[in-house]
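# Residue-level structure breakdown
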Amino acid sequence: MEEEPTKSLWVRIKGRAGAGDIIAGVCYRPPDQGDRADEALYRQVGAASRSQALVLMGDFNHPDICWRDNAAEHKQSRKFLECVDDNFLLQVTEEPTRRGAMLDLVLTNKEGLVGDVKLKGSLGCSDHKMVEFRILRAARRAHSKLTTLDFRRADFGLFGDLLGRIPWDKALEGRGAQDSWLIFKGHLLQAQEQCIPTKRKSSKTTKRPPWMNKDLLGKLKQKKEAYRGWKQGQVAWEEYRETV
């Protein structure tokens, strides 16, 4: 099957002697892009992320993603988050770039490789803000300022009790799916704030989710290999489903 074309450009920035090369990618994902083109883009990202240093930037058109909670409303946005997590990418844009939405992203697979991220005014007739940043040849070994939920110190008993006190039938009565989700999410985040403390992520683990351990990494590798085999017709659908 012929690969679906994507609006992306990849270049290799040659490193100095003793320093590795940097892979830089620029991408534009149209809002109406189909699943096949998305999957083709994710394969490109997966291949590029195997390099020691990757910087990927562009307009990905996923306005519904909440990067703080690593959550999204739409299926295609959730698939994009899976791609980011599967390839241990770090998203460093922190402010909206168009009408309150964070569409233009900068992702990297190496902490400290991208720095001094700033938003500038629009260029020409564009209604997007420009994202300015520096690629640091020698990744700085700065202490991470990122925080994550510390599930080991969480009070799950209190968490369940707080959610159990809410009269859900009354709270969600007459609400549509979207309103119901927002109400549930609000209560969930309030309980999370009270019951699950946060901790600073160390430089060694910043690229990985806090729950990712060696066993899960092995299973994730098996899943990827099974998916690749199914796509290439080497693995039956039933075998792939059993693996995942």
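The name recorded for the chain in an unreviewed UniProt entry is Endonuclease/exonuclease/phosphatase domain-containing protein, from Grus japonensis.

Glancing now at the pattern of salt bridges. Inspection of every chain in the model, using the stated rule, returns 11 salt bridges. One salt bridge connects Asp38 with Arg29, and the closest N-O pair in it is separated by 2.9 Å. The exposure class of Asp38 is buried, given its relative accessible area of 3%. The partner of Glu82 in a salt bridge is Lys79, with the nearest N and O atoms 4.0 Å apart. Separated by 3 residues within a single helix, Glu82 and Lys79 lie in helix α2 (residues 75-86), roughly one turn from each other. The partly exposed category is assigned to Glu82, whose relative accessible area is 38%.

Glancing now at the packing of helix α3 (residues 156-164) against helix α5 (residues 177-195). With their axes 9 Å apart at the nearest point, α3 and α5 run at an angle of 150° to one another. Taken together, the axes of α3 and α5 lie roughly antiparallel to each other. In terms of crossing hand, the pair formed by α3 and α5 is right-handed. Together, Leu158, Phe159, Leu162 and Leu163 of α3 and His187, Leu188, Ala191, Gln192, Gln194 and Cys195 of α5 make up the contact between the two elements. Of the residues that constitute the contact of α3 with α5, the class distribution is 7 nonpolar, 3 polar and no charged.

Attention shifts here to the packing of aromatic side chains. Across all of its chains, the model carries 5 aromatic pairs by this definition. Seen from their ring centres, Tyr42 and Phe80 are 6.4 Å apart, and the 45° between their planes marks the pair as tilted. Note that Tyr42 is positioned in helix α1 (residues 35-48) and Phe80 in helix α2, a separation of 38 residues in sequence. Under the relative-accessibility criterion, Tyr42 is labelled buried at 9%. Centre to centre, the rings of Trp181 and Phe184 are 6.3 Å apart; their planes meet at 40°, and the pair counts as tilted. On the criterion of helical spacing, the pair formed by Trp181 and Phe184 is a turn pair, its members being 3 residues apart in helix α5. Taking relative accessible area as the criterion, Trp181 reaches 37% and is therefore assigned partly exposed. What links up through ring pairs into an aromatic cluster is the set Tyr42, Phe60, Trp67 and Phe80.

Time to look at the packing of α1 against α2. Between α1 and α2, the least distance of the axes is 10 Å, while the angle of their chain directions is 10°. Between α1 and α2, the crossing angle belongs to the class labelled roughly parallel. Every pair of crossing elements has a handedness; the one defined by α1 and α2 is right-handed. Taking contact as the criterion, the partners of Asp35, Asp38, Glu39, Tyr42 and Val45 in α1 are, on α2, Gln76, Lys79, Phe80 and Cys83.

Rules behind the numbers
Each chain carries its own residue numbering, running from 1 in the written order of its sequence. Restriction of local features to residues with pLDDT of at least 70 applies here, the model being predicted, together with a cutoff of 80 or more for giving and counting side-chain atom pairs; totals for whole chains, interfaces and linings are based on all residues. Heavy atoms throughout the structure, all of them, feed into the side-chain values; hydrogens and water do not. Salt bridge, as used here: a side-chain nitrogen of Lys or Arg that lies within 4 Å of a carboxyl oxygen of Asp or Glu. Accessible area is worked out with a 1.4 Å probe on protein chains only. A residue is then buried under 20% of its type maximum, exposed over 50%, and partly exposed in between. Working definition: helices are DSSP H or I runs of at least four residues, strands are E runs of at least two. Numbering for both runs from the N terminus. Axes here mean lines fitted to C-alpha atoms, for a helix over just the part in contact, with angles spanning 0 to 180 degrees between N-to-C directions. Roughly parallel covers angles under 35 degrees, roughly antiparallel covers those over 145, roughly perpendicular covers 65 to 115, and oblique covers all other angles. By convention, the crossing between two helices is left-handed when the near helix turns anticlockwise from the far helix through less than a right angle, and right-handed when the turn is clockwise. Residues count as neighbours in contact if any of their non-hydrogen atoms are within 4.5 Å of one another. All amino acids are sorted into three groups, where Ala, Val, Leu, Ile, Met, Phe, Trp, Tyr, Cys and Pro are nonpolar, Asp, Glu, Lys and Arg are charged, and the leftover types, Gly among them, are polar. Pairing of aromatic side chains requires ring centres within 6.5 Å, counting the rings of Phe and Tyr and the six-membered ring of Trp. Pairs whose planes differ by under 30 degrees are stacked, by over 60 edge-to-face, and all others tilted.

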